[in-house]
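Spelled out from the first residue to the last, the chains are:
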Amino acid sequence: MAGDPWLPLCDRCANIRPFPVAQMVEVDLLDLHMSAGNGCSCCKLILQYHGTESDDWDEAEIGYSSTSETNYGVDALWIRIMQPKTGGSQEVADDVQSLKFDIFQTKENPSLPTHKQLSLGQINEDPESDECFSLLNYWISVCQDGHEKCHQLDSSLPSRVIDVQNENPILIKSDGLKGAYATLSHCWGRQKLPTTTCENIVQRYKNIELSELPQTYKDAIKITKRLQIQYLWIDSLCIIQDSVPDWQEESKQMKEYYRNSRITISALDSTDSRGGILKQRILRPSVPLNPQGNLFIRKSAPTHRQVFGFGPLNTRGWALQERLLSTRIVHYGSQEMFWECLSCACREGSPFVHEQPYSPGYVVVSEGVDFKRIITYLESFSKNRPASVKESGMLTLENDKILGSSPTKLEFPLGQAISWPKPKLDTASRSEEELPDSLWWRIVTRYSGRYLTKHSDRLVAISGLAYLFREATKHEYLAGIWREDLDDLLWFADPWRTMSIPDANELLQEYAYQAPSWSWAAIPWSTFYPCRGREHTFHTIFDLRIIEAGITPLGVDTFGQISDGFIKVSGFYLDVIQFHPSAEEENFGEVPLEICTPNQVRLPFGTARLDDMYNIETPPKAGINYTALFVLERGNQSMDMEDIETYTHGYALLLHPSDRLIDGQQTWKRLGACEPLRSPRRPSNDWQWREGSFTIV
């Protein structure tokens, strides 16, 4: 039975009952302590969570938390803990913390009365129970038979799968065989995994000794059997790990493997393959609210943001696309199962089914209940997208379509200072949030801070998602960015978001070439886009123009590993100098830049964040020269013509000559990004932007 035996409660807690709407109860902190000291088990339970780091009300106030997710219904009880009032003071007490609790009932004794308005019950402690598998089978059945977007026909099996129907599993070659299969998404961890190699593959076809497999693999096999699915795909066993050709070919097919899988099993709460999936659950403490023992109170379950934001599996790079590309996936958390498919999301401990469509804008802060349906949103986007000023990587100089009145081709001698007429505001452009372009940078932000066992997987582990974006946009993919979206170039390094400085320093030493310097994949840590999602791009005749681009893949997949790449661009630039000797840790690695005017006066240019600003102990020296290459302007989408003169922000890349020549010509390397205080659209005698071409590698 749930909770502890019933004990007398204080008057306040004894009156807690289900109501037609959620209840908010204010409790004085001192009174709460006194009541708990007098033996009220409910007050003791509340005090267990007082002072915890998060405030549930903050969670509820965040926009992506829908009413159905946060559950404001009859099951919800909000406890607002207040600071004690000072003696005789009429001042309102301060809100210390707002905590959310659930009122739920059990059905262990059918003779007890039930509260029909309550929908929450007790979660089974054993994830292997018939009850849990009955629910999982129900989810799969409803999804397969009732969801138009999710329905699957039997497709060809992956090249190799594990046949789990016998006591010891075996690896088989599918040879075009069709059928249902499951896939596993898990953390590899640092310990040695059982793998398939050129040496042992013949033995794998004969037998895989179950006793030699780690617990996560054993549990995945057990789940697959319980679901009456014959085949299971596990990456380390179904790909020949020491065969480069096999790995390259199989990694290219992973998007199809996960998409065609009948169910993906997610070991959400296991840090490595030894952690297992079907672990006994540690349920949240609860106490009875009545002597009959059929009405209880417990702390509310973590939100999707909390569960998926901090789950061990969600620190792994590969797991992001495994989750998004799967038609349906069941996540085994520490306390309950979570279901996601292309149509909906739900969880074991709640009857609510979340079917609202994906809402652009919240992915970067959260992986909420609509996160999985990003793929549905992407695929439903019209492939005949409207003409854009960014088509083909070149700025389309049409009147009233860009900021700038001249449609004339830009041809000026290198080094000549230029001034321009006042701009025209682009009033015809669509909301950026409506375009798939706005989704890619959010995915990259979520992905770039995750860990990979092999650094060489940096581009490969997101390649399946890149394929889908290409299908939706018809854009050209260039090692992690899209040629048609200049904003993709404006990523900023952010190693502190996911690791300490010593860890970042060590990681950089291990990281070999993975991408050209202009791609976020060129560095081994997290990146972010400081103004995307909050500001609108205002296209002008001063935008950077990509003239030519080229990528050399390392294998057969142009979306995977690459050996080389370049972009040739034309735009406006200024020579700048770093005048401060170091970057302080508290300013997040920003370095100040200056320009030198024709009169030899030094003026502030703006601040920059360097891509390798990872080691505060040995910062870059003062006096380093860079070339600031202007990219574009951003600002508030609702600005009128007068505002745009003042309140847009320019963004530029910091370049430095590389030691490489292409066709005998100098090439450049990106070293960072910056926000200049003045754009080429607002020239002055001191800010003499010049036009030039650069090949960036």
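For the structure itself, look to the data block above.
Residues numbered from 1 in each chain as written. Predicted model: local features only at pLDDT ≥ 70, side-chain atom pairs only at ≥ 80, totals over all residues. Heavy atoms only, no water.

Caption draft 1: The arrangement of the sheet that holds strand β14 (residues 337–341) in detail. Strand order across the open sheet formed by 8 strands is β6-β5-β9-β8-β10-β13-β14-β15, with mixed pairing between neighbours. At either end of the open sheet lies a strand with only one pairing partner, and these are β6 (170–173) and β15 (345–347). Shown here is a sheet whose adjacent strand axes are inclined to one another by a mean of 25 degrees, direction ignored. The sheet contacts of helix α6 (residues 130–146) involve β10 (263–266), β13 (328–332), β14 and β15, and relative to β14 the element is tilted by about 10 degrees. (Pairing = 2+ DSSP bridges. Helix = DSSP H or I, 4+ residues; strand = E, 2+ residues; numbered from the N terminus. Axes fitted to C-alpha atoms, helices over the stretch in contact; angles between N-to-C directions. Contact = heavy atoms within 4.5 Å.)

Caption draft 2: Quick look at the pattern of salt bridges. Summed over the entire model, instances satisfying the criterion amount to 25 salt bridges. Here Asp269 and Lys279 are joined by a salt bridge, their closest N and O atoms 3.9 Å apart. Taken together, the residues Asp269 in the loop between β10 and β11 (286–288) and Lys279 in the loop between β10 and β11 connect sequence positions 10 residues apart. Between Lys474 and Glu471 there is a salt bridge, with the nearest N and O atoms lying 3.9 Å from each other. Taken together, the shared-partner salt bridges connect Lys100, Asp102, Arg284 and Arg298 into one network. (Salt bridge = Lys/Arg side-chain N within 4 Å of Asp/Glu carboxyl O.)

Caption draft 3: Spatial organisation of empty space enclosed by the protein. Per the stated rule, a full pass over the model turns up 10 cavities of 30 Å³ or more. Taken as a whole, the largest cavity encloses approximately 170 Å³ of empty space. Lining the largest cavity are 14 residues, with Trp188, Asp235, Trp247, Trp318 and Asp457 sitting closest to its centre. Classifying every residue of the lining of the largest cavity by side-chain character gives 7 nonpolar, 2 polar and 5 charged. (1 Å grid on protein atoms, 1.4 Å probe; cavity = no way out; pocket = protein on both sides within 12 Å on 5 of 7 lines; lining within 4 Å. Points joined across faces, edges and corners; volume = space filled by probe spheres on them. Nonpolar A, V, L, I, M, F, W, Y, C, P; charged D, E, K, R; others polar.)

Caption draft 4: Geometry of the nonpolar core. With 116 residues, the main nonpolar core has Leu136, Tyr332, Trp339, Trp440, Ile443, Trp520 and Ile696 as its most contacted residues. Residue contacts for Ile696: discarding those within four places in its chain leaves Ser517, Trp518, Gly565, Phe566, Ile567, Val569, Leu629, Leu653, Leu655, Trp668, Lys669 and Arg670. (Core = buried A, V, L, I, M, F, W, Y, C linked by side-chain atoms within 4.5 Å. Buried < 20%, exposed > 50% of the residue type's maximum accessible area, 1.4 Å probe, protein only.)

Caption draft 5: Molecular detail of the packing of aromatic side chains. Within this structure, the stated rule accounts for 22 aromatic pairs. A ring pair is formed by Trp139 and Trp339, whose centres lie 5.8 Å apart and whose planes are at 45 degrees; its orientation type is tilted. Of the two residues, Trp139 sits in helix α6 while Trp339 sits in strand β14, which places them 200 residues apart along the sequence. Here Trp339 falls in the buried class, since its relative accessible area comes to 2%. Relative to Phe528, the ring of Phe492 has its centre 5.9 Å away and its plane inclined at 50 degrees; by these criteria the two rings are tilted. Placement of Phe492 in strand β18 (residues 492–493) and of Phe528 in strand β19 (residues 527–528) is noted, with a sequence separation of 36 residues between them. A network of ring pairs unites the aromatic residues Trp440, Tyr467, Phe469, Tyr477, Trp482 and Phe559 as a single cluster. (Phe/Tyr/Trp six-rings, centres within 6.5 Å; stacked < 30°, edge-to-face > 60°.)

Caption draft 6: Representation of helix α15 (residues 463–473) within the structure. The buried fraction of α15 amounts to 9 of the 11 residues, a majority that puts the element mostly inside the structure. On its buried face, α15 is in contact with α10 (244–260), α12 (317–325), α13 (374–380), α14 (437–448), β16 (477–478) and β17 (481–482). Looking one or two places after α15, you find Lys474, whose phi comes out positive at around 60 degrees.

Caption draft 7: Molecular detail of the side chain of Arg284. When you line up the elements, Arg284 lands in the loop between β10 and β11. According to the relative accessible area criterion, Arg284 is buried, its value standing at 13%. A distance of 2.7 Å separates the side chain of Arg284 from the backbone oxygen of Lys299, its partner in a polar contact. Separated by 3.1 Å, the side chains of Arg284 and Gln335 make a polar contact. With residues near it in sequence (within four places) discarded, Arg284 still touches Asp102, Ile123, Arg298, Lys299, Ser300, Ala301 and Gln335. (Polar contact = N/O pair within 3.5 Å; in protein donor to acceptor, adjacent residues only side chain to side chain.)

Caption draft 8: A look at α6. For α6, which comprises 17 residues, the first-to-last C-alpha distance of 23 Å matches the rise-based estimate of 24 Å (1.5 Å per residue) to within 8%. Buried within α6 we find Cys132, Phe133, Leu136, Trp139, Ile140, Cys143 and Gln144. Buried residues of α6, viewed axially, fall in a sector of 120 degrees; they line one side. Residues of α6 that are exposed and angled more than 90 degrees away from the buried face: Asp130, Tyr138, Asp145 and Gly146. The inward-facing, buried residues of α6 abut α8 (215–226), β10, β13, β14 and β15. (Expected span 1.5 Å × (residues − 1). Arc of directions from axis to C-beta.)

Keep in mind these values describe shape, not function.
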